[in-house]
Amino acid sequence: MRVTLLGTGDTTGTPTPGCDCDTCRAAIERGVERTRFSVHVEAESGDSLLLDFSPDFRTQFLREDVTLPDAGVVSHVHFDHLDGLGNAYRLFDDLPVYAANETDPATGESVAETVARKYDYLDNVHPTAVSPFETFDAAGFDVTLVPVDHPPLLCYGVVVERDGAKLVLSGDTTYAIPEESLDAMQDPDLLLADGIVPAHLCEHHPAGGQHEDENGVPRTFGTKHMTREGALALADDLGASQTRVVHVSHFYPVEEAFDDALAVDGETFSL
């Protein structure tokens, strides 16, 4: 599998429009971008799969020159992971889009139902509801959705396997991933783990930090995302061969924002 990181940023991306912080300025100077989250996966056969539909879809596909996907997966209904699906207009004859079938108490509908409702005007998009922990075929890839912890919405990590290679996305999540999900995520060749900020910034969040390690370092920032330290701890828990920290915000101090562990757009991996 060839994995291309199309978007590695959080909901505003880096550089963030209208922001003059040191990190955003440094990103411009370095020519580095972290657009909204999306991952492209391509097999040697040419089959390709898109994991989440970034609002930056058009820019990402033109910039990275990857093939349009044969199928897509949606992890949850926040706009930075879903709203790029509108770009499917006129680009596809037929696009299966897989999403979970569990009803979310916060919305009254499943992720699959939300996709179907929001994009009912796209006749070429075909939402398909799937059950968590039940592996399904998407464009020739074996895909499994695993529940994670991203309140108040239901959210899912994604396990993608093909030809003996395993890619795991943590999804947007705290460190409190259910044990059954952790079991399914074990031993990835590549882990893409949500790490929105470094742990020391938890002091600035109204909810502080959670899920501290033995040294008192928070592995969760607030209530929705892992810290960098949480992402790297998850990698250790899973025995990941390679790890990239994604969903990275511009709130990282400039001296930490371009560390080797943090992904940037355009990185590619052969698994």
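This structure is a prediction, so every number in the text was calculated from the model and none was measured.

Caption draft 1: Representation of the packing of aromatic side chains within the structure. Summed over all chains, the structure comprises 4 aromatic pairs. When the centroid spacing of 4.4 Å and the interplanar angle of 25 degrees are considered together, the rings of Phe57 and Phe61 count as stacked. Linking Phe57 with Phe61, this pair stays in helix 2 (residues 57-64), spanning 4 residues, or about one helical turn. The exposure class assigned to Phe61 is buried, which follows from its relative accessible area of 8%. A ring pair is formed by Tyr119 and Tyr121, whose centres lie 6.1 Å apart and whose planes are at 45 degrees; its orientation type is tilted. What makes Tyr119 buried here is its relative accessible area of 7%. One aromatic cluster in this structure is built from Phe53, Phe57 and Phe61. The positively charged end of Arg162 is found above the aromatic ring belonging to Phe141, 4.8 Å away from the centroid.

Caption draft 2: Region of interest: the pairing of strand 2 (residues 38-42). Taken across its 5 residues, strand 2 has 4 buried, putting it largely inside the fold. One ladder, built from 5 bridges, connects strand 1 (residues 2-7) with strand 2; its direction is antiparallel. Opposite Leu5, over in strand 2, you have Val39 as the bridge partner. In terms of strand pairing, strand 2 meets strand 3 (residues 48-51) through 4 bridges, oriented antiparallel. Pairing of His40 across the sheet is with Leu50, part of strand 3. Turn length for the strand 2-strand 3 hairpin, with the two strands adjacent in sequence and antiparallel, is 5 residues, and the turn residue Gly46 shows positive phi of about 100 degrees.

Caption draft 3: Broad picture of the nonpolar core. Of all hydrophobic cores here, the largest spans 53 residues; its most connected members are Leu49, Leu51, Leu85 and Leu167. Per element, the largest residue contribution to this core is 5 residues, and it comes from strand 5 (residues 95-100). Ranked by size, the runner-up nonpolar core spans 26 residues in total, among them Val159, Leu234, Leu238 and Val248.

Caption draft 4: Just the layout of surface pockets, in detail. A volume near 230 Å³ is recorded for the largest pocket. Along the wall of the largest pocket there are 18 residues; nearest its centre are Asp10, Thr11, Ile196, His225 and Phe251. Counted by class, the lining of the largest pocket contains 5 nonpolar, 9 polar and 4 charged residues.

Calculation rules
Within any chain, residue numbers begin from 1 and follow the written order of that chain's sequence. The predicted nature of this model means local features are confined to residues of pLDDT at least 70 and side-chain atom pairs, given and counted, to a pLDDT of 80 or more, with totals for whole chains, interfaces and linings taken over all residues. Based on all heavy atoms of the structure, the side-chain values leave hydrogens and waters out of the count. Each Phe, Tyr or Trp ring (for Trp, its six-membered ring) is paired with any other whose centre lies within 6.5 Å, and the angle between the two planes then decides the class: stacked below 30 degrees, edge-to-face above 60, tilted in between. Helix and strand assignments follow DSSP, with helices taken as H or I runs no shorter than four residues and strands as E runs no shorter than two, numbered in order from the N terminus. Relative accessibility under 20% of the residue-type maximum defines a buried residue, over 50% an exposed one, and the middle range a partly exposed one, all with a 1.4 Å probe and only protein chains included. Put simply, a charge is over a ring when the Lys NZ or the Arg CZ is close to the ring centre, within 6 Å, and near the line of the ring normal, within 35 degrees. We treat two strands as partners when DSSP finds at least two bridges between them. Buried residues of nine kinds, namely Ala, Val, Leu, Ile, Met, Phe, Trp, Tyr and Cys, make up a nonpolar core once their side-chain atoms join them within 4.5 Å. We place a 1 Å grid over just the protein atoms. Points where a 1.4 Å probe fits but has no way out form a cavity, open points with protein on both sides within 12 Å along at least 5 of 7 lines form a pocket, and any residue with an atom within 4 Å of a point lines it. Grid points are joined across faces, edges and corners, and a volume is the space filled by probe spheres set on the points. Three classes are used, and their members are as follows: Ala, Val, Leu, Ile, Met, Phe, Trp, Tyr, Cys and Pro are nonpolar, Asp, Glu, Lys and Arg are charged, and the others, Gly among them, are polar.

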